[in-house]
Amino acid sequence: MTKSQQPSVGKFIDPLLDFSFKRIFGTEPNQDLLIAFLNGVFHGRKDIKRLVYNKNEHVGDTDELGSVIFDLTCTASDGEQFIIEVQRTAQINLKRRMLYYGSKLISDQAPKGRRKEWDYAIPEVYVIVLMDGFAMPGGGHDDRYLHDICLCNRDTGEVFYDDLGFIYLELRNFAKEESELETDLDGWLYVLKNMSKLNKIPLYLRKPIFEKLFNIAEYSKLTKEEKEMYDASLKRKWDTAGALEYARREGEEKGIEKGAEQKSYNVVANLIQQLGLDDEAAAGVAEVSIDFVRKVRAALEKKK
């Protein structure tokens, strides 16, 4: 993507960038925003009243992943306490990474000694994942944007263990317009996906919590240093989007006369060779099966 093709900075910052997500949701004075968002995600299943940032922020395993993670202890209106990890994440090894993070949240609860007295009194643990611009790996091609996952019996579908949950928000499938917003979650997802393109607060969102959000997110209110950090983060997002689009187009141009399967092959080959995506990530971007990606990778290895 060339400089002339890059979108101009809007009135409001993009909340899905690492810098923005931290600024909006990652500080004690703004925890009411995070509480409102989480309650929208749980849709009445939980009623969070207080939260504590156990680790304010830590980043992914590599600079390329650049994910922002909040490790939270939440207290509900009934006094129940549970742990939530919120992640604005990249797509590489998504399911395995989330399983790792959720398992780590559980293992971190174990005391170093006196395990018998503790008796594995594990609190509920949830990992909430914001998926920006890519598909749910292995999720088929349906249009669901909320994937609520727990452990269940493979044969009967009966819930086996409900206290470890993974909630994936697939934003690219959220296509509601302002006039179609019905729930608090609708409002939050609409904001996350569209705020950087808006010039004013939508009528449906003229509520104190969203007015505070838009006030915090005004680009003009950033300091000079904050603007530089935001601009750099935004440019990285544009560059990544441009590289993905180039890979798709080149694959389509090479395969346009060779049928759908060959076109998919070229797209996947470009994603592997130019962007270095793993099998799961390439399958999500190209919208093909992981088995197909593995066949492409094997064919590329033979050509070396």
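The rules behind each value
- Every chain is numbered independently, its residues counted from 1 as its sequence is written.
- Restriction of local features to residues with pLDDT of at least 70 applies here, the model being predicted, together with a cutoff of 80 or more for giving and counting side-chain atom pairs; totals for whole chains, interfaces and linings are based on all residues.
- Excluding hydrogens and water, the side-chain figures rest on all heavy atoms present in the structure.
- Starting at the N terminus, helices and strands are each numbered in turn, a helix being any DSSP run of H or I of at least four residues and a strand any DSSP run of E of at least two.
- Each residue is assigned to one of three classes by its accessible area relative to the maximum for its type, calculated with a 1.4 Å probe on protein chains only: buried under 20%, partly exposed between the two thresholds, exposed over 50%.
- Surface accessibility in these figures is a Shrake-Rupley result with a 1.4 Å probe; residues are shielded only by whichever protein chains are displayed.
- Helix axes are fitted to C-alpha atoms over the stretch in contact, other axes to C-alpha atoms as well, and angles between N-to-C directions run from 0 to 180 degrees.
- Note that the term roughly parallel is reserved for angles under 35 degrees, roughly antiparallel for angles over 145, roughly perpendicular for angles of 65 to 115, and oblique for everything else.
- Each crossing is labelled by how the near helix is turned from the far one, with a counterclockwise turn of less than a right angle marking it left-handed and a clockwise turn marking it right-handed.
- Contact criterion: two residues are considered in contact whenever any of their non-hydrogen atoms come within 4.5 Å of each other.
- By the convention adopted, Pro, Cys, Tyr, Trp, Phe, Met, Ile, Leu, Val and Ala count as nonpolar, Lys, Arg, Asp and Glu as charged, and the other residues, Gly among them, as polar.
- Any two of the Phe, Tyr and Trp rings considered here, Trp counted by its six-membered ring, make a pair once their centres fall within 6.5 Å; the pair's planes then place it as stacked at under 30 degrees, edge-to-face at over 60, or tilted in between.
- Every case where a carboxyl oxygen of Asp or Glu lies within 4 Å of a side-chain nitrogen of Lys or Arg is listed as a salt bridge.
- Using protein atoms alone on a 1 Å grid, points that fit a 1.4 Å probe yet trap it form a cavity, whereas open point sets bounded by protein on both sides within 12 Å along at least five of seven lines form a pocket; residues with an atom within 4 Å of a point count as lining.
- Grid points are joined across faces, edges and corners, and a volume is the space filled by probe spheres set on the points.
- To form a nonpolar core, buried Ala, Val, Leu, Ile, Met, Phe, Trp, Tyr and Cys residues must be joined to one another through side-chain atoms within 4.5 Å.
- Side-chain atoms alone can form a polar contact between residues adjacent in sequence; in general such a contact is a pair of N or O atoms within 3.5 Å, and within protein one must be able to donate a hydrogen while the other accepts it.
- A pair of strands is considered paired only if DSSP assigns at least 2 bridges between the two.
- Per-residue confidence from the predictor is reported as pLDDT, a score between 0 and 100.

Peer 1: Got a sec to walk through the overall build of the protein? Specific residues and values, please.
Peer 2: A tally of regular secondary structure across the protein gives 10 helices and six strands. Here the protein holds 304 residues, and the buried ones make up 45% of them. Accessible surface, the protein as shown: approximately 16,700 Å² in total, 50% of it carbon and sulfur.

Peer 1: Explain the packing of helix H2 (residues 31–42) against helix H5 (residues 184–194) residue by residue, including any values.
Peer 2: Taken N-terminus to C-terminus, the directions of H2 and H5 make an angle of 120°; their axes are 8 Å apart at the nearest point. As far as their axial angle goes, H5 and H2 are oblique. Pair H2 / H5 crosses with left-handed handedness. Two secondary-structure elements touch here, H2 through Leu 33, Ala 36, Phe 37, Gly 40 and Val 41 and H5 through Asp 184, Leu 185, Trp 188 and Leu 192. The residue inventory of the contact of H2 with H5, partitioned by class, reads seven nonpolar, one polar and one charged.

Peer 1: With reference to specific residues and values, describe the packing of aromatic side chains.
Peer 2: Enumeration over the complete set of coordinates arrives at 16 aromatic pairs. Note on Phe 25 and Phe 37: the rings are 5.8 Å apart at their centroids and 40° apart in plane angle, and the pair reads as tilted. Highlighted residues: Phe 25 in helix H1 (residues 18–25) and Phe 37 in helix H2, separated in sequence by 12 residues. The two residues Phe 25 and Phe 37 agree in class, both being buried.

Peer 1: Just give me the short version of the pattern of salt bridges, but keep the residues and values in it.
Peer 2: Enumeration according to the criterion identifies 14 salt bridges in this entry. Arg 294 serves as the salt-bridge partner of Asp 279, at 3.8 Å between the closest nitrogen and oxygen. Of the two residues, Asp 279 sits in helix H9 (residues 279–286) while Arg 294 sits in helix H10 (residues 290–303), which places them 15 residues apart along the sequence. Where Arg 294 meets Asp 291, a salt bridge forms, and the shortest distance between an N and an O atom there is 3.5 Å.

Peer 1: Got a sec to walk through the layout of surface pockets? Specific residues and values, please.
Peer 2: Roughly 260 Å³ of volume is contained in the second largest pocket. If you trace the second largest pocket, you find 14 residues lining it, with Lys 95, Met 136, Ile 149, Phe 166 and Tyr 168 closest to the centre. Per-element accounting of the lining of the second largest pocket gives the leading share, four residues, to strand E5 (residues 146–152). Looking at the lining of the second largest pocket, its residues break down into seven nonpolar, three polar and four charged.

Peer 1: With reference to specific residues and values, describe the nonpolar core.
Peer 2: By size, the foremost hydrophobic cluster in this structure holds 53 residues, and its most contacted members are Ile 24, Phe 25, Leu 34, Phe 37, Leu 38, Leu 72 and Ile 84. The element contributing the most residues to this core is H2, with seven residues. Setting aside anything within four residues of it in sequence, one finds Ile 24 in contact with Ile 13, Pro 15, Asn 30, Leu 33, Met 195, Leu 213, Ile 216 and Ala 217. One finds Ala 283, Val 285, Ala 286 and Phe 292 within the second-largest nonpolar core, a separate group that totals 17 residues.

Peer 1: Give me the lowdown on the side chain of Asp 14, citing residues and values where you can.
Peer 2: Tracing the backbone through its elements, the reader meets Asp 14 in the segment before H1. Here Asp 14 falls in the buried class, since its relative accessible area comes to 6%. Side-chain polar atoms of Asp 14 contact the side chain of Lys 237, separated by 2.7 Å. Every residue in contact with Asp 14, bar those within four places of it in the chain, is listed here: Ser 20, Leu 192, Ser 196, Tyr 230 and Lys 237.

Peer 1: So what's going on with the environment of Met 98? Which residues, and what values?
Peer 2: Following the sequence through the fold, Met 98 ends up in helix H3 (residues 94–107). As a C-alpha pair, Met 98 and Glu 85 span 13 residues in sequence and 9.6 Å in three-dimensional space.

Peer 1: So what about the pairing of strand E4 (residues 124–131)? Which residues, and what values?
Peer 2: Most of E4 sits inside the fold, with eight of its eight residues counted as buried. The side-chain alternation of E4 yields two buried faces, one formed by Glu 124, Tyr 126, Ile 128 and Leu 130 and the other by Val 125, Val 127, Val 129 and Met 131. Sheet analysis places E4 next to strand E6 (residues 159–170), joined by seven bridges and oriented parallel. Looking at E6, one finds that Ile 128 is bridged to Ile 167.

Peer 1: With reference to specific residues and values, describe the confidence of the model for the protein.
Peer 2: Taken as a whole, the protein shows an average pLDDT of 83; of its residues, 84% reach a score of 70 or greater. Per-element averaging of pLDDT across the protein places helix H8 (residues 259–275) at the bottom with 74 and helix H6 (residues 208–216) at the top with 96. Counted against residues more than four places away or in other chains, residues 1–6, with its pLDDT under 50, gives seven contacts. Under a pLDDT of 50 for its full length, residues 56–66 has, in the predicted model, 20 contacts with residues more than four places off or in other chains.

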